[in-house]
Amino acid sequence: MKVAVVGATGMVGEVMLRVLAERDFPISELLLVASERSVGKKLEYRGTEYTIIGLDDAVAAEPDIAIFSAGGDTSLEWAPKFAEVGTTVIDNSSAWRMDPTKKLVVPEINASELTADDKIIANPNCSTIQMVMALNPLHLKYQMKRIVVSTYQSVSGTGVKAVQQLENETNGIDGEMAYPYPINRNALPHCDVFMENGYTKEEMKLAREPQKILDDRTFSVTATAVRIPTAGGHSESVNVEFHNDFDLNEVRQLLSETPGIVVQDDPSTNSYPMPIHAHEKDEVFVGRLRRDETQRNTLNMWIVSDNLRKGAATNAVQIAEYLVQKGLVVQQTSTIS
């Protein structure tokens, strides 16, 4: 496959390249694409040096697959241009997620919905991905009614500037701030921008995206998203009410048998998920499984995942792998090398 990585110089783009290499994705030609200020710079992939090109040149090259991680505005403008020349776009921004004409895909859950006609495919929000990964098998068995989720999200979810802010503050260095307040030794109930209803965009993503991925509007989600001073990995406290009762041992068994899920749930040995252990791993880790003793048919759980991997890069690459395996992307013939 001729593959373009759009936003190759960003945090997710760099992880994307690592994941493509680790998973030995079939690449015959690689196009590394970034903004004009990065054009001409060099990046290495599997021991070979590549020159960054611009978006116009990337479209002209007619790649088979373009994986985007370059922001919503870039995706809105350029994804259709790639699609017009026959490229299948997998977009990591929020630009297309809630578009009713576009699929929102977590491969373990709904990749089977994809067809060869899907030229722009949306990658869900990082916090959404890990939550639905853990909830999907339970929803199929017990039928969810209502979810209350509070997230504890790392600064890497904001980007390089936020990671640098945390490092500067930790080391007592004055520097540019990504947040309106210090993040070191602090917690900010402010992920993304505030909306008219008082929620942030991140919180509304958590409320809306699971319904689309699971193709079910009968359950509801309410969310509070908090930024904490960890460098990587998102954590979530999830309270989920089901229509049907459950057995905790059966819940553990269902989760243990779900591909991509690792259960860490043994209080006697202090075994529970933590972002420090999820770092650079593709699995979603689930623990602290216990009944809500104040309400019937309700479960408390703790979910942790590396937000740059399964929450972004790995999920996108898995979508690309599925497309190739199922023959939904066919190599294009192009006169431009």
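Each value, and the rule that gives it
- Residues numbered from 1 in each chain as written.
- Predicted model: local features only at pLDDT ≥ 70, side-chain atom pairs only at ≥ 80, totals over all residues.
- Heavy atoms only, no water.
- Phe/Tyr/Trp six-rings, centres within 6.5 Å; stacked < 30°, edge-to-face > 60°.
- Lys NZ or Arg CZ within 6 Å of the ring centre and 35° of its normal.
- Pairing = 2+ DSSP bridges.
- Helix = DSSP H or I, 4+ residues; strand = E, 2+ residues; numbered from the N terminus.
- Axes fitted to C-alpha atoms, helices over the stretch in contact; angles between N-to-C directions.
- Contact = heavy atoms within 4.5 Å.

**Side note on the packing of aromatic side chains**
Okay, step 1: By the definition in use, this model includes six aromatic pairs.
Okay, step 2: The lysine or arginine in question, arginine 291, covers the ring of phenylalanine 246, its NZ or CZ lying 4.2 Å from the ring centre.

**Comments concerning the sheet that holds strand β13 (residues 284-291)**
Okay, step 1: Overall, mixed pairing links the six strands, which are arranged β10-β9-β11-β14-β13-β12 in an open sheet. With partners counted over all chains shown, the strands left at the sheet margins are β10 (220-227) and β12 (261-263), one partner each. Strand after strand, the sheet turns through a mean of 20 degrees between neighbouring axes, direction not considered.
Okay, step 2: The sheet contact formed by strand β9 (residues 144-153) and strand β11 (residues 234-242) spans eight bridges and is antiparallel. Each residue of the ladder has a partner; that of tyrosine 152, found in β11, is serine 235.
Okay, step 3: Helix α8 (residues 248-256) contacts β12, β13 and β14 (298-305) of the sheet and is inclined by roughly 170 degrees relative to β13.

**Some details on the sheet that holds strand β2 (residues 29-33)**
Okay, step 1: Pairing in this open sheet of six strands is parallel, and the strands run β2-β1-β5-β6-β8-β7 from one edge to the other. Since the sheet does not close on itself, it has two edges, and those belong to β2 and β7 (103-104), each with one partner.
Okay, step 2: Strands in contact with helix α10 (residues 309-325) are β5 (65-68), β6 (88-91) and β8 (120-122); relative to β6, the strand with the most contacts, it is inclined by about 155 degrees.

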